[in-house]
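Close look at the chain arrangement
Take a look at the letters that make up each chain.
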Amino acid sequence: QVRLVEFGGGLVQPGGSLRLSCAASGSIHSINAMGWYRQAPGKERELVATRTSSSTTNYADTVKDRFTISGDKNTVALQMNSLKPEDTATYYCKARVVNWSGNAVDYWGKGTLVTVSS
């Protein structure tokens, strides 16, 4: 089994910053990619940013130039600057893990709440 644990959510004022972190552990041969998704109340889950094992990154247009994804072998972080109320959501970490059988499986964390409000 694989476990993803997220850290760093909380309440922040508009214009502020937060840093989210996620660590993967368990039966992992390798990780192809890790990323962050978010889901606001009443909305579908959406991609925020992803990072492949070769360090290729991808961002949603709504967060480009404000958020930065980084990481290493089994961790991923999301530095969020210039936060806006519309960034309020539960943020989920996702990892595409290659297990020891050679199969790629997606795993999700339980989510961490980010609230941007004055």
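All values derive from a computational prediction rather than experimental measurement. (Residues numbered from 1 in each chain as written. Predicted model: local features only at pLDDT ≥ 70, side-chain atom pairs only at ≥ 80, totals over all residues. Heavy atoms only, no water.)

1. Details of the packing of aromatic side chains
This is how it is decided: Whether two aromatic rings pair depends on their centres lying within 6.5 Å, for rings of Phe, Tyr and Trp, where Trp uses its six-membered ring; planes under 30 degrees apart make the pair stacked, over 60 edge-to-face, and the rest tilted. Look at NZ for Lys and CZ for Arg. If either is within 6 Å of the ring centre and within 35 degrees of the ring normal, a charge sits over the ring.
Throughout the structure, instances matching the rule amount to one aromatic pair. Stacked on the ring of Tyr92, the Lys or Arg Arg45 has its end atom at 3.7 Å from the ring centre. For the cation-ring pair, Arg45 lies above Trp108, with the distance from its terminal atom to the ring centre recorded as 4.6 Å.

2. A few points about the pattern of salt bridges
Threshold: The working definition used for a salt bridge is a side-chain nitrogen of Lys or Arg within 4 Å of a carboxyl oxygen of Asp or Glu. Between buried and exposed lies partly exposed: a residue is buried under 20% and exposed over 50% of the maximum accessible area for its type, with that area taken using a 1.4 Å probe on protein chains only. Comment: elements are numbered from the N terminus, with helices defined as DSSP H or I runs of at least four residues and strands as E runs of at least two.
Taken as a whole and assessed by the stated rule, the structure comprises six salt bridges. The salt bridge involving Glu46 is made with Arg38; its shortest N-O contact spans 2.7 Å. The exposure class assigned to Glu46 is partly exposed, which follows from its relative accessible area of 37%. Of the residues examined, Arg38 reaches a relative accessible area of 5% and is grouped as buried. Put simply, Asp87 and Arg38 hold a salt bridge, and the shortest N to O gap is 2.9 Å. Here the residue Asp87 occupies a position in the loop between β8 (75–80) and β9 (89–98), and Arg38 occupies one in strand β4 (residues 30–39), the gap between them amounting to 49 residues. There is no split in this pair, since Asp87 and Arg38 are both buried. Residues participating in the shared-partner salt-bridge network are Arg38, Glu46, Arg66 and Asp87.

3. What to know about the environment of Val105
In this fold, Val105 is placed in strand β10 (residues 104–108). In the structure, Val105 is positioned 92 residues away from Gln13 in sequence and 36 Å away in space, judged by C-alpha atoms.

4. Comments concerning the nonpolar core
So the rule is basically this: Working definition of a nonpolar core: buried Ala, Val, Leu, Ile, Met, Phe, Trp, Tyr and Cys residues. They are joined through side-chain atoms within 4.5 Å. Whether two residues are in contact is decided by their heavy atoms, any of which lying within 4.5 Å being enough.
Counting 30 residues, the largest nonpolar core has Met34, Trp36, Leu78, Met80 and Tyr91 as the members making the most contacts within it. Per-element accounting of this core gives the leading share, five residues, to β9. With residues near it in sequence (within four places) discarded, Leu78 still touches Leu18, Arg19, Leu20, Trp36, Val48, Ala49, Phe67, Thr68, Ile69 and Tyr91.

5. What to know about the sheet that holds strand β7 (residues 67–71)
Basically, it comes down to this: Two strands qualify as a pair provided DSSP detects at least 2 bridges between them. Axes, fitted as lines to C-alpha atoms, cover a helix only where it is in contact. Angles between the N-to-C directions of the axes lie from 0 to 180 degrees.
Pairing within the open sheet is antiparallel, and its four strands lie in the order β1-β3-β8-β7. Strands with a single pairing partner mark the edges of an open sheet, and in this sheet they are β1 (2–7) and β7. With strand direction ignored, the average angle separating the axes of adjacent strands in the sheet is 15°. Sheet topology note: the β1/strand β3 (residues 18–26) ladder contains six bridges and is antiparallel. Directly across from Glu6, in β3, lies its bridge partner Cys22.

The analysis is restricted to geometry; functional conclusions fall outside its scope.
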